[in-house]
Amino acid sequence: GAVGYLIGVIILGILKYLIFSVLYFLSARKFRFWIMPNLTKDVGFLASFWPLYEYTYTGEVIEEVGEETDTIVTEEITGKTGDAEHEESDSNESGKSTFEFVEKNKDE
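Fair warning: this is a prediction, and the values are worked out from it, not measured in the lab. (Residues numbered from 1 in each chain as written. Predicted model: local features only at pLDDT ≥ 70, side-chain atom pairs only at ≥ 80, totals over all residues. Heavy atoms only, no water.)

Trainee: Break down unusual backbone geometry for me, with residues and values.
Mentor: A cis amide bond links Trp 50 to the next residue, Pro 51, at an omega of 0°. Along the polypeptide, Pro 51 turns up in the loop between strand E1 (31-35) and strand E2 (53-57). Here Ala 28, not a glycine, exhibits a phi torsion of approximately 60°, which is positive. Residue placement: Ala 28 occurs in the loop between helix H1 (2-26) and E1. The class for Ala 28 is exposed, based on a relative accessible area of 54%. Positive phi values are uncommon outside glycine, yet Met 36 reaches one of about 50°. Its location among the elements puts Met 36 in the loop between E1 and E2. (Helix = DSSP H or I, 4+ residues; strand = E, 2+ residues; numbered from the N terminus. Buried < 20%, exposed > 50% of the residue type's maximum accessible area, 1.4 Å probe, protein only.)

Okay, structure coming up:
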């Protein structure tokens, strides 16, 4: 039960980094493809499996301006799957941290 789940998550983590490395180096370090990007982040149980994949391409994109000229634009293309409400973690959605710093004076 629990041991099988733990071994499965470890194997999934190894595959995640292996697939990322192969695609990253085959694309000349321009394409970053992550399977389950939140798997190793400190989020809730269900949030660690969502989104299923995420990618970023930082290469040249050819856009046609007119019929006689082409323009090469370098830009970053990022893609995520899933809803906007499942971004990073629950604490980042509200925009506020759960911790608050309070300064204490020694005079009081």
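More follows now that the structure is in view.
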